[in-house]
Structures are given as C-alpha cells and as structure tokens.
Amino acid sequence: MSNSDKTQSPQNRVYIKNGQVVNHDRSFKADVYIEDEIIKFVGPAADITIPDGVHTIDASGKLIIPGGIDPHTHLQTPFDNAVTVDDFYHGTKAAVAGGTTMIIDFVLPKRNDSMIEAYNKWRSWADPKVCCDYGLHIGLSWWSDSVSEEIGVLCKELGINSFKTYMAYKGTYQLNDSELLDVFERIRSLNAVAMVHAENGDIIAKNEKRLLAQGITGPEGHELSRQEEVEAEAVHRACILAHQVDCPLYVVHVMSKSAGIEIARARQRYSEKYIFGETLASGLGTDGTNYRCQHFDHAAGHVMSPPLRPDKTTPEFLMKLLASDALQTTGSDNCTFTKKQKQLGLGDFTKIPNGINGLEDRMSVVWEKGVHSGLLDPCRFVAVTSTNAAKIFNIYPKKGVIAVGSDADIVIWNPQATRTISKDTHHHAGDFNIFEGMTVHGVPEYVLVRGRICAEKGSVRVSGGYGRFVATPLRPPFVYDRIEGKEEPKVEEQNTNVAKKKAELYSQLAAQEPPSTKFALNSTSISPEAADG
Ligand SMILES: NC(=O)NCCC(=O)O
Ligand SMILES: [Zn+2]
Ligand SMILES: [Zn+2]
C-alpha cells in the first residue's frame, strides 16, 4: 500500500473474507478487497495484508456474486394511459434491496418525438434519483430519416448501443417489416444491438376487437388476444429479418414455450450468431392462470405483454431454456402500475396498463426456481442474472464479474436463508406484487454498489443520485466477434453443465418438426408442416 492509500477513509475500503466467489465461468474460495469503488484483490487470504480499520465482512458459508444486472426496466415511464409508479428512486432502491446493482432502462419517445430530446429527458429524470448505476436502451417508436440520423448521434456521442423495436402495439409503436429491415440495417451499420418486442400487432388488434364484440371485456381477454403462436410467429419473423441484414438481435421478454423454441432454433440455425433471448422473472415465477381470477385487481395486476401463459409447465420450460443457453438473460420488465391505474381497464381489458413488478425479486425468483430447484448451477445463475447482460451490452468486465479492476458491485448471497415476498414489505412504490406469498431461498445479505454497502441484512441504505449513467459502447465483442468470425470461447466450453444441456436440446430440435400448438380462441391446430412453412 502506498502512503496516499493509507490516508484514505476506511469507508472506501471493504474486505470480504471466507466467502465462495461465484462467477459465470467458475466458483472458488477467495477473499475480496475493495478500495475506492473498485475490486483490488481476489484471492487467498495469505496473499494480502489488510490495513487496520478496514470494514470487514465475514462471508463464511455465503456466496460472493456479481451484482445483478437487470437489462429491462421501465421506471417513471409514460406508457399506455398512465405513468409507471416506480420512479428512478423507488425502482433502483427496490433493485438494490434485491441484489441488483445495475439496471438498463428504456427511453420511450412518443411517435414523432426526437430520440435525442427523449434521451435527455430520461437522463434528467434518472440522474438525480438513481441509487445504483444505470444504462439506457432507446425504444424506436417510429422510423424516419431523422430517427436514423439521431441514432447515429446516440451511438457515437451519448453512450447508447441498443435499440428496441416493436412488432406489437399497433397504432403507437409497431413497425412494419419493411421498417424493421431498415432499422436492423442501420443498427448493423453502427455495430449496435437491435432488440425486439416480438408479438404480431395486427393479429392482436383484430383479436381484441373480436373479443370485445363477444363481450369478453375482463383481463382474461388480454391473454386470449395474444396467445402463444402470436408471439412465436413474430419471434420467427424477427430472427429472419435480422439475419437477412446481418444484424444481431436481442429478443426481449420471451414468455412462451413456442417462442423460446423459435429462439433456440434460430440460434442453432445461425451457429449461435445473431440471436439472443431474454426471459423474465415473472415468466419464471408465476403463470397466466392468474388472468382467470375473478378479482379484477388480481387478474389485472398480472397484465403484461407478452402475457404470462396459462400453461403451468411454461415457467419450468423457460428455466430449462436458460439452463441450456437457448436463452441468455433474465430481466424484470419492471413496469409497475397501482391497482387504481390498472382499473382504467375495468370493462375493457385493452385499457389495462401493461406491466408488472420484478426488479426487487428477480434474483431471488431465479435462484428459487433455477438453482434451488436443481435446474441451474450457481455459475449459470450468475451468467443469466448478470454476466451475459454485461457482455451483450458491452459493459463487461467493468460489470458482471468479480475480478480485479471491475466495479465493486457485489452481492453476498445467502443460499440457505429464505424470505416471503409481499407488497407489504417490498421496496417498490406499487401496491401489488405478482409474487405475493412466494417463499424464496436465496437472500442478498449484503449488497455493495461500487463498493458502498447499500443493503445489509434487510436494512437498505441508499441515496438518490449515487448511481451513475454507464455508457454502453458500440461493437460488443461477445456479439460481434461471432458475427465476424472471431469467436470468443463459447459458454459451453466454460460450463460443462450448460454444454451437455445444449447438446441435448439441439439434438432434440434437429430430430423434431416445429411444435404444433392448439389454441382455444379459434380452436385451429397448426400442423407441423404449416408451422414450418
Ligand atoms: N411488458 C409490458 O407489459 N410492459 C412494458 C412494455 C414492454 O416491454 O413492452
Ligand atoms: Zn416490450
Ligand atoms: Zn418492457
């Protein structure tokens, strides 16, 4: 240690001893030393001398994992006919309470709005309030030459590398295939990453009208209007459109078995280039049977798009897709509305604001349904809750790993402890929790955001404005090396559990026709041939 180091206040320094470090690729016993927001040492206790007065945490029996990265949130966002109730303070406080130390939120301009003005607006909302670091994606709610020009500026000057397109929300955000091709081409030319909300908006609009005309006005109509094949068709089409113009595509909120299979098939078809898939805590932790609940507030509280699926085997299936690397990340899609806001859709399900919680509970739900139930190993848990998002959005190894030189975004995870999720104890601003009553193993005992202890044994001590905007640079190597044939080691070379599961999945896919699906709405069944067409 140099003399200047010794004069720093001990609060800048934290020593975590006796823990088990878990990264995406390996797990090992090590102590971790943090100074001035950065991890300075990872290794055996014998290899470091710790100065006096350093705050020391004994992590015996606990895991030391990279802070969660939630790549999909909508804080303080005007959406549908309301504004989401978790602002950047409450949302990021809830994140930290649950072990997430970075979020990537969506700027969502209105049609005809300037993307850059919208970006500035989001920055001005977020910067003074965020309790943890954050990045931004831009929602491409419309397309024109000026938008094309602006996204160049956003990429080159404003720290943006990812843009979400919409195949749903007809009349507001939906782009047609020709526009999607133009957008994907432009994104590829910038070495950025395209994202897509994949549901067929034309089918949904027609089904909504039909359902309302039939007198189906309650929240169950939401799911009926956009069943699995509506999602799967759009995923299939989006993957092909992106591939046609050589553009990497991140499919957000994959919520159904058949959409997940479309991702797996596209990844297999394109040798794991181009396509990445995200699923959500909500899709892993609960299901669409809730739409049938007679209590409006309960059923409407689960309304989101794509919807949760009534097939109760879907959550485990999605977890298996994460385990086999068919899907790479988990987000929350945290987009919370109060019961009162949801009641805007009383008597017309199309007016229920879409969105659910998950920012606080994502890590615990994925641990419970993944690791505790034996479907994920702890390394894969880290990959799907943190590292893969860091790699895809190009903030690795600053984020997403416990390594010397990385930001000290660290969670000391107690895999044995349990907690019961409730709206009465959560840190969200909303009055509803889709995981209400669920007891989960896996509790973040300490959460460090850039070296600062922000949560400790249930007490959350955050301050708005501590978080920083993190620029996401262009050309993520994890994405572009593969496309350009300069592959980095694949995940399966690092995790044999994942490799085995992936090989099994690929051999099943190769042997099978696409799944045939039946839907209650019009009782048609799609033959394998038709689905393959
Ligand atoms: N998912 C949802 O229902 N609300 C957020 C907006 C979106 O992600 O499409
Ligand atoms: Zn979406
Ligand atoms: Zn979303």
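Bear in mind that the values here come from a model prediction, so they are computed numbers and not experimental data. (Residues numbered from 1 in each chain as written. Chains lettered and ligands numbered in written order. Predicted model: local features only at pLDDT ≥ 70, side-chain atom pairs only at ≥ 80, totals over all residues.)

**Here we look at the site of ligand 1**
Stage number 1. All residues adjacent to ligand 1 are His74, His197, His253, Met304, Ser305, Asp333, Cys335, Asn354 and Gly355.
Stage number 2. A breakdown of the residues in the shell around ligand 1 according to their chemical character gives two nonpolar, six polar and one charged. (Near = placed C-beta within 6 Å. Nonpolar A, V, L, I, M, F, W, Y, C, P; charged D, E, K, R; others polar.)

**Digging into the UniProt feature "domain: Amidohydrolase-related" (unreviewed entry) in the protein chain**
Stage number 1. Per the UniProt annotation, the sites labelled "domain: Amidohydrolase-related" (unreviewed entry) are residues 64-453.
Stage number 2. Between the C-alpha atoms that bound residues 64-453 the distance is 14 Å, and the span itself is 38% helix and 19% strand. (UniProt positions renumbered as here; feature names shortened; annotations may be inferred. Helix = DSSP H or I, 4+ residues; strand = E, 2+ residues; numbered from the N terminus.)

**Quick word on the packing of helix α9 (residues 257-269) against helix α18 (residues 496-511)**
Stage number 1. α18 packs onto α9 with a crossing angle of 95 degrees between their chain directions and a minimal axis gap of 10 Å. Put simply, α9 runs roughly perpendicular to α18. On the side of α9, the interface is formed by Ala264, Arg265 and Gln268, while α18 contributes Leu505, Tyr506 and Leu509.
Stage number 2. Class assignment of the residues belonging to the contact of α9 with α18 gives a composition of four nonpolar, one polar and one charged. (Axes fitted to C-alpha atoms, helices over the stretch in contact; angles between N-to-C directions. Parallel < 35°, antiparallel > 145°, perpendicular 65-115°, else oblique. Contact = placed C-beta atoms within 7 Å.)

**Some remarks on the environment of alanine 323**
Stage number 1. Examined against the element boundaries, alanine 323 turns out to sit in helix α12 (residues 314-323).
Stage number 2. Spatially, the C-alpha atoms of alanine 323 and histidine 72 are 20 Å apart, while their sequence positions differ by 251 residues.
Stage number 3. In contact with alanine 323, other than residues within four places in its own chain, are Leu375, Leu376, Arg380, Val498 and Lys501.

**A word on the pairing of strand β18 (residues 452-456)**
Looking along a regular strand, one sees side chains alternate from face to face of the sheet.
Stage number 1. Bridge count between strand β17 (residues 439-449) and β18: four bridges; the pairing is antiparallel. Its bridge partner lying in β18, valine 447 is registered against alanine 455.
Stage number 2. Remark: two residues form the turn of the hairpin made by β17 and β18, two consecutive strands paired antiparallel; arginine 450 in that turn has positive phi of roughly 40 degrees.
Stage number 3. Two elements, β18 and strand β19 (residues 459-460), share two bridges in a ladder whose sense is antiparallel. The residue bridging alanine 455 from the neighbouring strand is valine 460, located in β19. (Pairing = 2+ DSSP bridges.)

**Section: the UniProt feature "modified residue: N6-carboxylysine" (unreviewed entry) in the protein chain**
Stage number 1. Listed under "modified residue: N6-carboxylysine" (unreviewed entry) in the UniProt record, and renumbered for this structure, are Lys164.
Stage number 2. Mapped onto the fold, lysine 164 is located in strand β11 (residues 162-166).
Stage number 3. Excluding residues within four positions of it along the chain, lysine 164 makes contact with Phe106, His137, Gly139, Leu140, Met195, His197 and Val252.

**Structural notes on the packing of helix α8 (residues 228-244) against α9**
Stage number 1. Relative orientation of the contacting elements α8 and α9 amounts to 20 degrees, with a least axis distance of 8 Å. The angle between the axes of α8 and α9 places the two elements in the roughly parallel class. For α8 against α9, the interelement crossing comes out right-handed. Contacts from Glu228, Glu229, Glu231, Ala232, Val235, His236 and Cys239 of α8 reach α9 at Ser258, Ala259, Glu262, Ile263 and Ala266.
Stage number 2. Split by residue class, the contact of α8 with α9 holds six nonpolar, two polar and four charged. (Left-handed = near helix turned anticlockwise from the far one by under 90°.)

**Quick word on the nonpolar core**
Stage number 1. The biggest cluster of nonpolar side chains holds 148 residues, and the ones touching the most others in it are Val32, Ala194, Ala238, Leu249 and Val251.
Stage number 2. Leucine 249 has contacts with Ala194, Val196, Ala238, Cys239, Ala242, Tyr274 and Ile275, leaving out every residue within four places of it along the chain. (Core = buried A, V, L, I, M, F, W, Y, C linked by C-beta atoms within 7 Å. Buried ≥ 20, exposed ≤ 12 C-beta atoms within 10 Å, placed from the backbone.)

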